[in-house]
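Tertiary structure, described
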Amino acid sequence: MDAFIPVSASIGGILIGLSALVFFWAFGRVVGISGMVAGALTGDAMLLRLVFLGGLLAGAAGIYVFLGRPTAIVAQVEMPWIIIAGLLVGFGARLGGGCTSGHGVCGLSRLSLRSLVATVVFFGVAVLTVYVTRHVIQL
Amino acid sequence: MSSNFNTLKSVIAAAVAGALFGAGLAVSEMMNPKRVIGFLDFAGDWDPSLAFVMAFAVAVAFIGYRFGRRRSRPFLDDTFHLPDPKGITPRLIAGAALFGIGWGLAGLCPGPAIASLITADGDFIAFALAMLVGIAVHLVVDRLAS
């Protein structure tokens, strides 16, 4: 496993929080990535969302290169599971009205009970899924 | 939508917010699915990093929403666009549960799924495309249902 990285994790968290702050102060909107992608497909504030997603790619690429590619980033499941997981993440996030960023970061910081419930459910189910796929059936 | 929506200021603010988010995912290594699964795997070698990311992100965003809402409107739009409170519905629970299965399977949620595309790795491209299909399926189902 990779070593625990409290300092990098805290700095990364602050940057993600600042992203939510900037987006809210500028546009009065929450930063939910699944909603951002869905909106980029349907047209509500399409330009803003596309620019945000472009910025996300540029920011990630900039840091990754700047840090000298500190870790090899490789997928943790094989086909066809990666496709099944992608479908579930996309559909589930929209059905539930948000993902780790929309419910997890923005919803919790807005003290939304609905987001708290969603966050507890998806964390719980994900922990259970990891337990089953890594320790019971060894996917 | 505000009339000044298409201005350069809006584009810069959206790009800065996006870049901060992407940089945060890269610095914290949350775009690496191994890290995420390391957090979700309580029965393995547990890696608490993700909890630190969430805690600090929530703390900063909390301050952002608290002070941001003191204004009558955002800096670059006419009104706030906060999600409507819809209560705790079966959809919310079912969606969060399906999302949790996918997230646990691959260790990728939407932000990292997009950030991981910078590796140009086929597996991540496949995941992102599948996620896009999942989002599109929901858009269609939602439209047919309403």
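Position numbers for residues start from 1 in each chain and track the written sequence from start to end. Lettering for chains starts from A, numbering for ligands starts from 1, and both go in the order in which the items are written. Only residues with pLDDT of 70 or above have their local features reported here, since the model is predicted, and side-chain atom pairs are shown and tallied only from 80 upward, although totals for entire chains, interfaces and linings are computed over all residues.

Turning our attention to the overall build of chain B. Across its full length, chain B carries 6 helices and 0 strands. Secondary structure elements follow DSSP: runs of H or I of four or more residues count as helices, runs of E of two or more count as strands, with numbering from the N terminus. Mapped from its N terminus to its C terminus, chain B presents α and β elements in the order α-α-α-α-α-α. Each principal axis of the C-alpha atoms in chain B carries an extent, and together these give about 50 × 40 × 35 Å. Counting across all 146 residues of chain B, residues that qualify as buried make up 53%. Sequence-distant contacts in chain B: of pairs separated by 6 or more residues, those separated by 24 or more amount to 43%. Any residue with 12 or fewer other C-beta atoms within 10 Å of its own C-beta is exposed, any with 20 or more is buried, and the rest are partly exposed; the C-beta atoms used are placed from the backbone. Distance between backbone-placed C-beta atoms decides contact: two residues are in contact if it is within 7 Å.

What follows deals with the environment of Phe21(B). Tracing the backbone through its elements, the reader meets Phe21(B) in helix α1 (residues 8-27). Among the residues examined, Phe21(B) registers 34 C-beta atoms within 10 Å and is labelled buried. Each C-alpha atom, one on Phe21(B) and one on Pro112(B), is 9.9 Å from the other, the two residues being 91 residues apart in sequence. Filtering out sequence-adjacent residues up to four positions away, Phe21(B) remains in contact with Ile16(A), Ser19(A), Val31(A), Leu56(A), Gly59(A) and Gly111(B).

The next point concerns the packing of helix α3 (residues 46-66) of chain A against α1(B). Working convention: axes come from line fits to C-alpha atoms, limited for helices to the stretch in contact. Angles between N-to-C directions cover 0 to 180 degrees. Their axes nearest at 6 Å, the elements α3(A) and α1(B) cross at an angle of 40°. Taken together, α3(A) and α1(B) sit at an angle that is classed as oblique. Considering the relative orientation of α3(A) and α1(B), their crossing is right-handed. Classifying every residue of the contact of α3(A) with α1(B) by side-chain character gives 22 nonpolar, 7 polar and no charged. For this classification, under 35 degrees means roughly parallel, over 145 means roughly antiparallel, 65 to 115 means roughly perpendicular, and everything else is oblique. Crossings are classed by handedness, with left-handed meaning an anticlockwise turn of the near helix from the far one by less than a right angle and right-handed meaning a clockwise turn. Only Asp, Glu, Lys and Arg are considered charged, only Ala, Val, Leu, Ile, Met, Phe, Trp, Tyr, Cys and Pro nonpolar, and every remaining residue, Gly among them, polar.

With 20 residues, helix α3 (residues 49-68) of chain B extends 28 Å from end C-alpha to end C-alpha; this agrees with the ideal 28 Å at 1.5 Å per step. Looking only at α3(B), the buried set comprises Ser49(B), Leu50(B), Phe52(B), Val53(B), Met54(B), Phe56(B), Ala57(B), Val58(B), Val60(B), Ala61(B), Gly64(B) and Gly68(B). Here a helix's expected span is defined as the number of its residues, less one, multiplied by 1.5 Å.

Bringing the environment of Thr100(A) into the picture now. Along the chain, Thr100(A) turns up in helix α5 (residues 100-109). Residue Thr100(A) is classed as buried on the basis of its 30 C-beta neighbours within 10 Å.

This brings us to the interface of chain A and chain B. Facing the 98 residues of chain A at the interface are 109 residues of chain B. Those elements that provide at least two residues to the side of chain A that touches chain B are α1 (6-27), α2 (33-42), α3, α4 (81-95), α5 and α6 (113-136) of chain A. Among the elements that take part in the side of chain A that touches chain B, α1(A) stands out by supplying 21 residues, more than any other. Grouping the constituent residues of the side of chain A that touches chain B by class yields 64 nonpolar, 28 polar and 6 charged.

Judged by nonpolar contacts, the single largest core of 97 residues is most densely connected at Ala20(A), Ala60(A), Val89(A) and Phe127(B). Broken down by element, this core gets its largest block of residues, 11 residues, from α1(A). Among the domains, domain 1 (1-82) and domain 2 (84-146) of chain B are the pair contributing at least three residues each to this core. In this structure, Phe127(B) is in contact with Ile82(A), Ala85(A), Gly86(A), Ala106(B), Leu108(B) and Ala113(B), ignoring residues within four places of it in sequence. By convention in this section, buried Ala, Val, Leu, Ile, Met, Phe, Trp, Tyr and Cys residues joined through C-beta atoms within 7 Å make up a nonpolar core. For each domain, the first and last residues come from an automatic or database assignment.

Attention now goes to α1(B). All names here are of chain B. A rise of 1.5 Å per residue sets the reference length of α1, with its 20 residues, at 28 Å; its end C-alpha atoms lie 28 Å apart and thus fit the reference within 8%. Where burial is concerned, most of α1 is hidden: 14 out of the 20 residues are buried. Residue Glu-29 follows α1 closely and has a positive phi angle near 65°.

It is worth spelling out the confidence of the model for chain B at this point. Counting all residues, the mean pLDDT for chain B is 92, and 96% of those residues have values of 70 or more. Scored as a complex, the prediction yields pTM 0.94 and ipTM 0.95. Values of pLDDT, the confidence the predictor places in each residue, fall between 0 and 100.

Here the focus is the domain arrangement of chain B. Residues and elements named next belong to chain B. Here chain B is partitioned into domain 1 (1-82) and domain 2 (84-146). Inter-centroid distance (C-alpha atoms) of domain 1 to domain 2 is 18 Å. In terms of residue count, helix α2 (residues 33-40) provides more of the side of domain 1 that touches domain 2 than any other element does, 5 residues in total. When the residues that make up the side of domain 1 that touches domain 2 are grouped by side-chain class, the tally is 9 nonpolar, 1 polar and 1 charged.

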